[in-house]
Amino acid sequence: MKLARFSPPTAAALLLGLTTVIGPGAVDSHAASDVPLPIAHFAHIVVDAPHGHLFISGGAGTDDILVTDLDGGDPTVISGEPGATGLALSADGSALYAALPDQDAIATISTESLTESARHGTGAGTRPDSLAVAGGTLWFAYGTTGAGTCACGIGSLDGSGTVTLRQDPGSWTAPPMLATTPTPSGVLAAAARTGDTAAFVTYRAGGGALTRQAAKELPVPELSDLAVTADGLHLAVSSRAYPTNDRYRTSDLTADGRFAMPVGPGAVAVASDGTVADGAGDYGFEAIPETGEGYYTAYDFGSPRRLAAHGLAWAPDGSRLYAVAVDAAGGAPTLRTTGDPETAWVRLVGRPTPTPLAPGEAYSFRAGFASPLSLGAGETMIPGTVRITRYDSADPHGVPVPDPTITPARVPTDFFGSYSVAGTAPLTGPLSFRVDYSGSGHYGPAGQTFDVPVAKYAPTMVLTAPSTGGRAAPLAVTGRLTWPHAHVTTGAVHVVKTDLAHPSGYPVGTVPVAADGSFALHDTPQAGGTNTYAFSYDGGTSYLPVTASAKVQVSRTIPSLSLTTDAKSYHSGATVKLTAHLGTTYDSRVVTLYDQPAGKPRTQLKSGRVDAHGNLVTTYKVTRNTVFSAAFAGDDRYAPRTVTAGAALTPTVRTAMQWPLTTTRVGSTTYQVFYKSEATMGFDLQVTPRQSGGCETVYVEHYSSGAWHQVTSGTCVPLYSDGWYGYSRSLKLFTSNDHYRIRGHYTPPAKDAQTADVWSQWTYLTVRSGSPS
C-alpha cells in the first residue's frame, strides 16, 4: 500500500489531533558513539567482513592505509602506500586494491597478511583514482586535466597484472567516478562533472573489455557520488546542489521511477539487498528502501560535522552501515557504525476521549503509530502484533484488553492503522494503558504507557431567566449543565431563593437533571423586589459541584404617600407642623421624615410607625427655606417611595420715611406730607433675616386719571450689613398736591436662597409747594 509522503510528527498529529506527539525522542536509536580516526583526511572506505577489517584511505598527503576492526577499534596501518585514495576488494575478497595517484600506480594488498604483494604502474601522469571490480576485472579511472584538455579515461588491471588504458572508446573531460553493484556483476557505471550537468556512461564488463550500454548528459549539478542498485538496473546519483529521487536505468540512462526519498548530498551506497544509504541534509545520513515511501532510520552528526564524500559503506550482509564524518575544513574524520540500519523506528501515539475523565465515565482509547517508513504494497496495517494492557485500582498488575478494535490504514488521518478500546473509567484510583508493539520486518518494536487522568471536574452551568416578573405571577428559570464529552447521568440541582421576605435565603426545592443536562424551576414569587435564585449542582458520584445564580426583578405596588405642611410660608422661628400620610401597605408601616434647610445637608427628623389613620406628625422650627421629605422603605409587596414638601421662610420688612413734616388723611389712607422746600424725601427698609447676595428694589407710583402708575423703580441693590437699605428722591420731581406711594421688594440670592422674596407695605405720601407756615 503506497501512501502519500509525510513527515512522522505530522503523521502522528493527523492521527489523533494532538499538538504534542507522545513517544520516544531520539531518532538515532541504533547509532553507536563516533570513533575518531587516527588520520588527517579521508578518501575512501571498504568493508572486509570475512577478515573483520575496515580499510580506510586518507588521500593526498598520507603514507598509510588505516585498518581497524569492524567497530572502528584496534587500529593499525598498512604503511608505504603514499596518497592512497580509491579502494576496492577483489571478487574473491583475497586482495585489496588501492589507487596511488601520486605514484601513477595501483597497489595489491593481501587481506590476510595486510602487506602489499604487488604494485602495478599505470603510466606516467595517469594518476589512477576511482576503482571498481566488475566482470572479474579491476577497473580504474585515471587522468589529469590542464590547458582545457584531459588525458582521462578508464583502464583495467587483469589477474595477470596487465594494465590496459583507454578501455572506453569515448572521451572524458575529467577523470570519472566508477561504481558497480554491491555483489559481483558485469555492470559498471562512470560519471564525471561537466559544469551544471554530469556525463554518465554505463557498461557491460566481461572478458577484460567494456561494452557501452548508454551515454548521456544528466541534469545533475555538483555531482558528489553515484551507486548502482543491487540488481544492476538503476543508478542512484548524489548531488549537493540538487538532491533528486530519480532512478536512472543503466540500459539507457532514462529516469525510471523514484527512490523512496531524494538521494542526499555527500555520498551514496547500496546494500546487497537493495537498501540505499545517502546523505540526509548537510549534517547526517539515512538508510532508505529502494522504492516505496519514507526511510528506515536517519542519523545526525550535528553541525559542523558532515558526511564525507564517498563516506558510506555497507557490510556485505547489510547488517551494518558505516559512515565517515569530517569537520567544516574536511579534516578530523570520525567513524560511526550503525547496527540494524534497515529497521525503521516506530513510535506509539494515543489518547482517550478528551480529558479529563470523570469517575464512571465511558472512554474510548485509541493507539496509533508513527514511523518514517510507509506501509508496503498491499499492506493495510503495520505488520506485527499489538498487546494492550489496562491498569487500574481493580487490576494494579494489569489485565490484557481482549480483541481491541482494529482500524486499517487510511490517508490522511491514519497512516499505519490503529487499535482502539472502550470502557468505563474506575470510580476511584488511576487508569493507564500499556501498548506493546512487537515490530516486524523493517519496523522496530515499540512500547509506551499512557496515563489517563481520572478525576472529578466541574461541568459548566448556564442559567436563563427573565429580567423582570410580576408579583404572584408564575415564572420559570431554566438551565443547562454541559460536559466536554459524554457524561454519567448523576447528581441533582438544589435551589435556594433569596428575597425581601427571606434575606438569608430558603430552599425552594431540588430539580431533576435531564440526560442532556437541562433542568428547570417554576416559581410564583410572593415578594416583590430582587428575587435571587441560587442553583447548586451537587456533582453526584462523578463530578465536582458547580453553582450559578439568576436575579429577577419582581414588580411591587406603588403605595399612596403624601406630605403636607400647615402653611405655605413662615416667619423665622415659626413652628411648622408636618403630616405624612401612608396608604395601604403589606407588612411595613414605618415612615421616616427628613428636613433639609437651604444650604445644609439632609437630616432625619423623625421615624416611626404611622398611626391608625396612616399619619405620622411632627413639628419643626423654621429658620430658612426648608425642604421636607417623607420616605417609605417598601415591603415585600409595596415598592419604596419618597415624597417632598417645602416650607418657605418669609422675611420681616420694616420701613420708615425720613423727614415728613406732618400727615394727612385721604379717605381712610394716611399720607405723609412733604414740602418741596425740604428738597429730598428719604425711604428706609430693613429685611430680617437677610442673606448675603440678596438685594432690594424700590418702586414709586403716581395716582392719576383714577389709577396708580409706576413712575420709577431703582436697581436691585444689596442691603447693608445690618439689613437696612436707604432710598432718597428729590422732591422737585413730585407734582405738588398729587398723591404718591412707595414700597420695596426684597429678592433673595438666585442660588441657595434661605428665604422667600417679600414686598413691604405701601407708604403713601403727598408733596406740597413752598414751606410749612
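Residues numbered from 1 in each chain as written. Predicted model: local features only at pLDDT ≥ 70, side-chain atom pairs only at ≥ 80, totals over all residues. Heavy atoms only, no water.

Undergrad: Before we go on, may I ask you to explain the overall build of the protein in this structure?
TA: Each helix and strand in the protein was counted, giving one helix and 64 strands. Referenced to the eigenvectors of the C-alpha coordinate spread, the extents of the protein come out at roughly 180 × 75 × 45 Å. Here the protein, with 773 residues, has 49% of them falling under the buried criterion. Long-range contacts, defined as pairs at least 24 residues apart, comprise 58% of the intrachain contacts of the protein with a sequence gap of at least 6. As displayed, the protein offers around 33,400 Å² of accessible surface, 51% of which is attributable to carbon and sulfur atoms. Put simply, the protein has 51 plus and 62 minus side-chain charges, and the middle of one group is 28 Å from the middle of the other. (Helix = DSSP H or I, 4+ residues; strand = E, 2+ residues; numbered from the N terminus. Buried < 20%, exposed > 50% of the residue type's maximum accessible area, 1.4 Å probe, protein only. Contact = heavy atoms within 4.5 Å. Areas by Shrake-Rupley, 256 points an atom, 1.4 Å probe, with all protein chains shown as cover. Lys, Arg positive; Asp, Glu negative; His and termini not counted. Charge placed at Lys NZ, Arg CZ, Asp CG, Glu CD.)

Undergrad: Mind showing me how you'd approach the sheet that holds strand β50 (residues 603-609) here?
TA: Strand pairing in a sheet takes place through backbone hydrogen bonds and is either antiparallel or parallel in direction. Here we have five strands laid out as an open sheet, ordered β47-β53-β52-β49-β50, and mixed in their pairing. Two strands bound the open sheet, and with one partner strand each, they are β47 (569-570) and β50. Bridge analysis of strand β52 (residues 626-632) against strand β53 (residues 641-649) gives seven bridges, and the strand direction is antiparallel. Counterpart to threonine 626 in the pairing with β53 is alanine 647. (Pairing = 2+ DSSP bridges.)

Undergrad: I tried to follow the layout of surface pockets on my own but got confused; where do I start?
TA: A probe as big as a water molecule, rolled over the atoms, marks out the empty space that is left. Estimated volume of the second largest pocket: approximately 310 Å³. As for the second largest pocket, its lining consists of 22 residues, of which Pro289, Thr291, Gly292, Tyr296 and Gly376 are closest to the centre. Class assignment for the residues of the lining of the second largest pocket results in eight nonpolar, nine polar and five charged. (1 Å grid on protein atoms, 1.4 Å probe; cavity = no way out; pocket = protein on both sides within 12 Å on 5 of 7 lines; lining within 4 Å. Points joined across faces, edges and corners; volume = space filled by probe spheres on them. Nonpolar A, V, L, I, M, F, W, Y, C, P; charged D, E, K, R; others polar.)

Undergrad: What is the right way to look at the nonpolar core in this model?
TA: Soluble globular proteins tend to pack their nonpolar side chains together in the buried interior. Within the largest apolar cluster, 45 residues are counted, with the highest numbers of intra-cluster contacts made by Leu312 and Phe369. If we ignore the near neighbours within four places in the chain, the residues touching leucine 312 are Ile45, Ala267, Val268, Ala269, Ala277, Asp278, Gly279, Phe285, Leu307, Leu321, Tyr322 and Ala323. By size, the runner-up hydrophobic cluster in this structure holds 23 residues, among which are Leu481, Val493, Val513 and Tyr537. (Core = buried A, V, L, I, M, F, W, Y, C linked by side-chain atoms within 4.5 Å.)

Undergrad: Hey, could you run me through the packing of aromatic side chains in this one?
TA: The description of an aromatic ring pair uses the distance of the two centres, along with the angle that the planes make with each other. Across all of its chains, the model carries 19 aromatic pairs by this definition. Seen in terms of ring centroids, phenylalanine 285 and tyrosine 299 are 4.7 Å apart; in terms of plane orientation they differ by 20°. Their pairing is stacked. With a gap of 14 residues between them, phenylalanine 285 in strand β25 (residues 284-288) and tyrosine 299 in strand β26 (residues 297-300) connect regions that are remote in the sequence. For the pair shown, phenylalanine 285 and tyrosine 299 are each scored as buried. Connected via pairs of aromatic rings, a cluster forms that spans Tyr363, Phe365, Phe433 and Phe450. Sitting over the face of the ring of tryptophan 345, arginine 347 holds its NZ or CZ atom 4.2 Å from the ring centroid. (Phe/Tyr/Trp six-rings, centres within 6.5 Å; stacked < 30°, edge-to-face > 60°. Lys NZ or Arg CZ within 6 Å of the ring centre and 35° of its normal.)

Undergrad: What is the right way to read the environment of alanine 647 from this model?
TA: Position of alanine 647 among the secondary structure elements: in strand β53. Taking C-alpha positions, alanine 647 is 8.5 Å from arginine 624, a pair spaced 23 residues apart along the chain. Each residue touching alanine 647, except ones within four places of it in the same chain, is listed here: Lys568, Tyr570, Val576, Arg624, Asn625, Thr626 and Phe628.

Undergrad: What is the right way to read the confidence of the model for the protein from this model?
TA: Regions with low pLDDT should not have their predicted coordinates read in detail. This prediction gives the protein a mean pLDDT of 91; 95% of its residues lie at or above 70. pLDDT under 50 marks residues 1-31. Its contacts with residues more than four places away, or in other chains, come to 77 contacts. (pLDDT = per-residue confidence, 0-100.)

Undergrad: Can you help me understand the sheet that holds strand β32 (residues 386-392) in this one?
TA: The strand order across the open sheet built from four strands is β33-β32-β36-β37, with neighbouring strands paired in antiparallel fashion. Pairing within the sheet leaves two strands with one partner each, and these edge strands are β33 (399-400) and β37 (446-452). When β32 meets strand β36 (residues 431-437), the two strands line up antiparallel, connected through seven bridges. Paired with arginine 390 across the strands is phenylalanine 433, a residue of β36.

Undergrad: Just checking my understanding: could you explain the state of the cysteines for this structure?
TA: One way to say it: the disulfide is the covalent bond shared by the sulfur atoms of two cysteines. Within the structure shown, the criterion is met by two disulfides. The disulfide partner of cysteine 150 is cysteine 152, and the gap between their sulfur atoms is 1.3 Å. Residue classification places cysteine 150 among the buried residues on the basis of a relative accessible area of 19%. Should the bonded cysteines of the protein be numbered as they appear in the sequence, the pairing reads 1-2, 3-4. (Disulfide = S-S within 2.5 Å.)

Undergrad: I'm lost on the pairing of strand β10 (residues 131-134) in this one. Help?
TA: Consecutive side chains along a regular strand alternate between the two faces of the sheet. Of the two faces of β10, the one lined by Leu131 and Val133 and the one lined by Ala132 and Ala134 are each fully buried. Bridging between β10 and strand β11 (residues 137-142) involves four bridges; their strand directions are antiparallel. By the bridge assignment, alanine 134 is partnered in β11 with threonine 137. Hairpin geometry of β10 and β11 is characterised by an intervening segment of two residues between the two adjacent antiparallel strands and by a positive phi of about 60° at glycine 135.

Undergrad: What should I look at first to understand the pattern of salt bridges in this one?
TA: Pairing is possible between side chains that carry opposite charge, provided their charged atoms lie close to one another. In total, this model carries 18 salt bridges according to the counting rule given. A salt bridge links arginine 212 to aspartate 168; the nearest nitrogen and oxygen atoms lie 2.9 Å apart. Here aspartate 168 lies in the loop between β15 (163-164) and β16 (177-180) and arginine 212 lies in strand β19 (residues 209-218), a separation of 44 residues in the sequence. Here arginine 212 falls in the partly exposed class, since its relative accessible area comes to 33%. Notably, a salt bridge pairs arginine 366 with aspartate 414, separated by 2.9 Å at the nearest N-O pair. Of the two residues, arginine 366 is situated in strand β31 (residues 362-370) and aspartate 414 in the loop between β34 (405-407) and β35 (418-424); the sequence distance between them amounts to 48 residues. Using a relative accessible area of 1% as the deciding quantity, one classes aspartate 414 as buried. (Salt bridge = Lys/Arg side-chain N within 4 Å of Asp/Glu carboxyl O.)

Undergrad: Please explain unusual backbone geometry as it appears in this structure.
TA: Residues apart from glycine generally show negative phi values, whereas peptide bonds are mostly found in trans. Between serine 303 and the following residue, proline 304, the backbone shows a cis peptide bond with an omega angle of 5°. The topology assignment puts proline 304 in the loop between β26 and β27 (306-314). Phi angles above zero are rare outside glycine, and serine 705 is one such case at about 55°. Among the structural elements, serine 705 can be located in the loop between β58 (695-704) and β59 (707-713).

Undergrad: Even after reading the chapter, I still don't get the environment of proline 651, so can you show me in this structure?
TA: For proline 651, the position within the fold is in the loop between β53 and β54 (652-658). With 95 residues separating them along the chain, proline 651 and tyrosine 746 place their C-alpha atoms 8.8 Å apart. Here proline 651 is in contact with His571, Val687, Thr688, Pro689, Tyr746, Thr755, Ala756 and Val758, once residues within four sequence places are set aside.

Undergrad: Explanation requested: the side chain of aspartate 104 in the structure shown.
TA: Here aspartate 104 shows up in the loop between β7 (95-100) and β8 (105-110). This buried residue, aspartate 104, is left without a salt bridge; arginine 127 holds the nearest opposite charge, at 5.5 Å. With residues near it in sequence (within four places) discarded, aspartate 104 still touches His120, Gly121, Thr122, Gly123, Ala124, Gly125, Thr126, Arg127 and Pro128.

Undergrad: I'm lost on the environment of leucine 582 in this one. Help?
TA: Secondary-structure assignment places leucine 582 in strand β48 (residues 575-582). It is 4.6 Å that separates the C-alpha atoms of leucine 582 and leucine 561, two residues lying 21 residues apart in sequence.

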